[in-house]
Amino acid sequence: MRDYYYDVSNGNLTYTNHVTAYYTALHERSYYTDPNIGYGTRARELINEALLWLDDTAGQNFDFGP
């Protein structure tokens, strides 16, 4: 993945990631994929849930700084 982004950006982007603990969403999958809810709404909700969990969970020690 790193090489792909590096190549397509002509060397302007070096992609890195950090693997954290496994997150279990607060709701079932159908909640996040409900076709009656505006596209992307529940995706943003899920991302926010996961980031808050990562920030608030004791013992995660995740550094958002980098």
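This text goes with the structure placed above it.
A few points on the structure. Please read these numbers as outputs of a predicted model, since none were measured by experiment.

**Let's talk about the overall build of the chain**
Here's step 1: Per the secondary structure count, the chain includes three helices and zero strands.
Here's step 2: Starting at the N terminus and ending at the C terminus, the chain contains elements arranged as α-α-α.
Here's step 3: Relative to a compact globule of 66 residues, whose C-alpha radius of gyration would be 11 Å, the chain shows 16 Å and is clearly more extended.
Here's step 4: Taking the principal axes of the C-alpha coordinates as reference, the chain spans close to 40 × 35 × 15 Å.
Here's step 5: Sequence separation of 24 or more characterises 28% of the internal contacts of the chain that already satisfy a separation of 6 or more.
Here's step 6: In the structure as shown, the chain presents an accessible area of about 5800 Å², 52% of it carried by carbon and sulfur atoms.
Here's step 7: Each charge class in the chain can be summarised by its mean position, and for the 4 positive and 9 negative side chains these summaries are 8 Å apart.

**Examining the packing of aromatic side chains**
Here's step 1: One pass over the structure, following the stated rule, counts four aromatic pairs.
Here's step 2: Ring centres of Y23 and W53 lie 5.3 Å apart, and the angle between their planes is 50°; this geometry places the pair in the tilted category. Placement of Y23 in the loop between helix 1 (2-8) and helix 2 (29-32) and of W53 in helix 3 (residues 41-56) is noted, with a sequence separation of 30 residues between them.
Here's step 3: Through pairs of rings, three or more aromatic residues link up here, namely Y4, Y5 and Y15.
Here's step 4: Over the aromatic face of Y6 sits the side chain of R2, whose NZ or CZ is 5.0 Å from the ring centroid.
Here's step 5: Here the guanidinium or amino end of R42 rests over the ring plane of Y31, the centre of that ring lying 3.7 Å away.

**Notes on helix 3**
Residues spaced three or four apart along an α-helix face the same direction, because each turn holds 3.6 residues.
Here's step 1: The first and last C-alpha atoms of helix 3 sit 22 Å apart over 16 residues, in line with the 22 Å expected at 1.5 Å per residue.
Here's step 2: For helix 3, the full list of buried residues reads R42, E49 and L54. For helix 3, the arc enclosing every buried residue in end-on projection is 130°, short of the 170-degree limit, so these residues lie on one face. Turned more than 90 degrees off the buried face of helix 3, the exposed positions are R44, L52 and D55.

Parameters at a glance
Residues numbered from 1 in each chain as written. Predicted model: local features only at pLDDT ≥ 70, side-chain atom pairs only at ≥ 80, totals over all residues. Heavy atoms only, no water. Helix = DSSP H or I, 4+ residues; strand = E, 2+ residues; numbered from the N terminus. Rg over C-alpha atoms; globule rule 2.2 N^0.38 Å. Contact = heavy atoms within 4.5 Å. Areas by Shrake-Rupley, 256 points an atom, 1.4 Å probe, with all protein chains shown as cover. Lys, Arg positive; Asp, Glu negative; His and termini not counted. Charge placed at Lys NZ, Arg CZ, Asp CG, Glu CD. Phe/Tyr/Trp six-rings, centres within 6.5 Å; stacked < 30°, edge-to-face > 60°. Lys NZ or Arg CZ within 6 Å of the ring centre and 35° of its normal. Expected span 1.5 Å × (residues − 1). Buried < 20%, exposed > 50% of the residue type's maximum accessible area, 1.4 Å probe, protein only. Arc of directions from axis to C-beta.

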